[in-house]
Amino acid sequence: MSKEKNVWADFFSDKRSGGHRSSAEEFLAMEAREKLFHLDGGKTLLDFGCGAGELLVYYASEYERTIGVDFSQSMLDEASKRIKERKCENTNLILADDKTVWNKLDFSFDRITAAGVFQYLTYQEIDSFITNASNYLNDGGRIVLFDLLDSRLYPLWKIGLFSENAGFWNIFHKLGFEFKTIISASLNNKPRDILGYSHNPHKIEKIANKNGFEMVCVQSMYYEYKYHAIMFRT
């Protein structure tokens, strides 16, 4: 495992929530409805990086069979609790990462999705994921990557440019804080940004096209600095 992978594996080793803007069930239900709209049907779904299953349990009620995958056992433990509480008998969980998941699947899917996950993968790793995923996608299927960090908007959001009290001194203060955070993280072998990497949507589209997909980019409803990449073959 690479140094970067070790950093993220360590970071998520004891995490038990998916890091949504709100953990309130009302918010999660709204977020799930938005994502189900873009998933747009299908009967079988693979949720890669399902985390604690906050969205997976909502997907399960709309699909005949759902599979949740995550590389964090603590996350899967929480997801298992949610699945039992919601009686999602059509849902199974797999412990795996973007490299090992494919050898653990025994059927293909109408929809392959991930939410807030690909910010932890490089462009090369995203390319490999799309290539592998295409081999497990049924005819007419979609790969839908939710909530990618937009490299054009995320830096502006981080320094508070979208906040109500945006101003020169507030932005200057945030810039200083970000600089200190990066230095501290580098010295302590921790992620420079706990939200991972930001990705330009045009580069993600080039990866999709390379793998034979068309792509539509949609702004996230609930995260102003994120976007969704909807991939399909025509």
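Up top is the structure.
An account of the accompanying structure is given in this report. Note that the structure is predicted; figures quoted are calculated from it, not measured.

All right, on to the overall build of the protein then. The number of helices and strands found in the protein is eight helices and seven strands. Counting only residues that meet the buried cut, the protein has 47% of its 234 residues in that class. A fraction of 72% describes how many contacts in the protein between residues 6 or more apart in sequence connect residues 24 or more apart. Carbon together with sulfur atoms contributes 53% to the accessible area of the protein, which is approximately 12400 Å² in total.

Let us now look at the nonpolar core. Side chains that are nonpolar tend, in soluble globular proteins, to be buried together. Core analysis: the biggest nonpolar cluster contains 31 residues, and Phe118, Ile130, Ile143 and Met231 have the highest contact counts within it. Going through the elements one at a time, strand S1 (44-48), strand S2 (65-70), strand S4 (109-115), helix H5 (123-134), strand S5 (137-149), helix H8 (201-210) and strand S7 (226-232) are the ones with two or more residues in this core. Once residues lying within four places of it in the same chain are set aside, the contact partners of Ile143 are Ile112, Ile130, Ala133, Ser134, Leu137, Phe213, Ala229, Ile230 and Met231. Counting 20 residues, the second-largest nonpolar core is a separate cluster that includes Leu39, Leu45, Leu55 and Tyr58.

Here we come to the sheet that holds S1. Read from one edge to the other, the open sheet built from seven strands follows the order S3-S2-S1-S4-S5-S7-S6, with strand pairing classed as mixed. This sheet does not close on itself; its edge strands, each paired only once, are strand S3 (91-95) and strand S6 (214-219). Across the sheet, the mean angle from the axis of one strand to that of its neighbour is 15 degrees, orientation sign disregarded. By the bridge criterion, four bridges tie S1 to S4 in an arrangement that is parallel.

So, about the pairing of S7. For S7, the tally of buried residues reaches six of seven residues, placing the bulk of the element in the interior. The pairing of S5 with S7 spans six bridges and is antiparallel. Of the residues in S7, the one forming a bridge with Leu145 is Ala229. Bridging between S6 and S7 involves six bridges; their strand directions are antiparallel. Residue pairing in the sheet places Gln219 in a bridge with Tyr227 of S7.

Okay, helix H2 (residues 25-39) next. Count 3.6 residues to each turn of an α-helix, and residues three or four apart come out pointing the same way. Between the first and last C-alpha of H2 there are 20 Å, a value that for 15 residues agrees with the 21 Å anticipated at 1.5 Å per step. Inspection of H2 places Phe27, Leu28, Ala29, Glu31, Ala32, Glu34, Lys35, His38 and Leu39 among the buried residues, and these make up the whole buried set. Asp40, located one to two residues past H2, shows a positive phi value of around 55 degrees.

What follows is about the side chain of Ser134. Position of Ser134 relative to the elements: it lies in helix H5. If sequence neighbours within four positions are ignored, Ser134 has contacts with Ile143, Phe213 and Arg233.

Under the counting rule described, the total for this entry stands at six aromatic pairs. Between Phe48 and Phe129 the ring centres are 5.0 Å apart and the planes differ by 50 degrees, which places this aromatic pair in the tilted class. You can see Phe48 sitting in strand S1 and its partner Phe129 sitting in helix H5, a full 81 residues away along the chain. For the pair shown, Phe48 and Phe129 are each scored as buried. Linked through ring pairs, Phe48, Trp102, Phe118, Phe129 and Tyr136 together constitute an aromatic cluster. A cation over a ring is seen here: Lys35 above Phe146, with NZ or CZ 5.2 Å from the ring centre.

In this section: the pattern of salt bridges. All chains considered together, the criterion is met by 11 salt bridges. Between Lys35 and Asp147 there is a salt bridge, and its shortest N-O distance comes to 3.0 Å. You can see Lys35 sitting in helix H2 and its partner Asp147 sitting in strand S5, a full 112 residues away along the chain. Note on Asp147: relative accessible area 3%, which makes it buried. With its nearest N and O atoms 2.7 Å apart, the salt bridge here joins Arg152 to Asp150. By relative accessible area, which is 45% here, Arg152 ends up partly exposed. With relative accessibility at 1%, the residue Asp150 sits in the buried group.

Rules used in this analysis
Residues numbered from 1 in each chain as written. Predicted model: local features only at pLDDT ≥ 70, side-chain atom pairs only at ≥ 80, totals over all residues. Heavy atoms only, no water. Helix = DSSP H or I, 4+ residues; strand = E, 2+ residues; numbered from the N terminus. Buried < 20%, exposed > 50% of the residue type's maximum accessible area, 1.4 Å probe, protein only. Contact = heavy atoms within 4.5 Å. Areas by Shrake-Rupley, 256 points an atom, 1.4 Å probe, with all protein chains shown as cover. Core = buried A, V, L, I, M, F, W, Y, C linked by side-chain atoms within 4.5 Å. Pairing = 2+ DSSP bridges. Axes fitted to C-alpha atoms, helices over the stretch in contact; angles between N-to-C directions. Expected span 1.5 Å × (residues − 1). Phe/Tyr/Trp six-rings, centres within 6.5 Å; stacked < 30°, edge-to-face > 60°. Lys NZ or Arg CZ within 6 Å of the ring centre and 35° of its normal. Salt bridge = Lys/Arg side-chain N within 4 Å of Asp/Glu carboxyl O.

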